[in-house]
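Structure at a glance
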Amino acid sequence: MADVTGLITTHPDGCPRCWWAGLDATYVAYHDTEWGVPEFDSRALYEKLILDGFQAGLSWITILRRREGFRSAFAGFEPETIARFTDADVARLMTDTGIIRNRAKIVGTIAGARAWLAIEESGPGFSRFLWDFVDGTPVQSGAQTRADIATETEVSQRIAKALKAKGFSFCGPTIIHAFMQATGMVNDHLAGCHRHAACAALAPA
């Protein structure tokens, strides 16, 4: 049985992992290949931000299991396409069982695509906009247990405020901190996890 105490779990393959990965193959693969890896692609950052917003009130595994459904429904998360979605598209998405059918989140996804385009067109781009909050370098938390990991920080509060000002929604400080963890803006793998050092090594000089 997976450790739920907020410590390191040693899996049957011998790898020590963060407690939250559990034993679900989808979750373990996400933990080992995506979570904490620095992401600098603007489109990919938009996708992850939107998915984190859809997670609000749900478990992340629920989103992971529907990620391909989301990608199909939202045109591969291409902001240029989503920005042109109409009321008819909202109605279509509200009948799509492959996603979470929440009207406010669907409408927020479209508004976010338009906000993303505005940031891309008026400045250094969405990736730079976000990464500048941490000076372009992932924060290495060095957490030992779950108790050492914050649910929000001063930085996530500032990013949330900035994103809302740009037109994004479902991007409160807690969601943004989860987004920062997922995209490697913060390396919150526990220090004893086999992915901690691997993700730290991916930080740009």
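So, a few notes on the structure that sits alongside this text. (Residues numbered from 1 in each chain as written. Predicted model: local features only at pLDDT ≥ 70, side-chain atom pairs only at ≥ 80, totals over all residues. Heavy atoms only, no water.)

Moving on to the state of the cysteines. For the structure shown, the criterion picks out zero disulfides. Cysteine Cys 15 shares no disulfide, and the gap to the nearest cysteine sulfur, in Cys 193, comes to 8.6 Å. Here Cys 193 stays free of any disulfide, with the sulfur of Cys 18 as its closest cysteine sulfur at 3.8 Å. In this structure Cys 193 comes out as buried when scored by relative accessible area, which is 5%. (Disulfide = S-S within 2.5 Å. Buried < 20%, exposed > 50% of the residue type's maximum accessible area, 1.4 Å probe, protein only.)

What follows deals with the packing of aromatic side chains. The tally for this structure, following the rule as stated, stands at 13 aromatic pairs. Look at Phe 70 and Phe 74: their rings are 6.4 Å apart centre to centre, the planes differ by 10°, and that puts the pair in the stacked class. Assessed through its relative accessible area of 0%, Phe 70 is described here as buried. In textbook terms, an aromatic cluster arises when at least three aromatic residues are bridged by ring pairs, as seen for Trp 20, Tyr 27, Tyr 30, Trp 35 and Trp 60. In this structure, Arg 92 is placed above the aromatic ring of Phe 85, and the distance from its NZ or CZ to the ring centre is 5.5 Å. (Phe/Tyr/Trp six-rings, centres within 6.5 Å; stacked < 30°, edge-to-face > 60°. Lys NZ or Arg CZ within 6 Å of the ring centre and 35° of its normal.)

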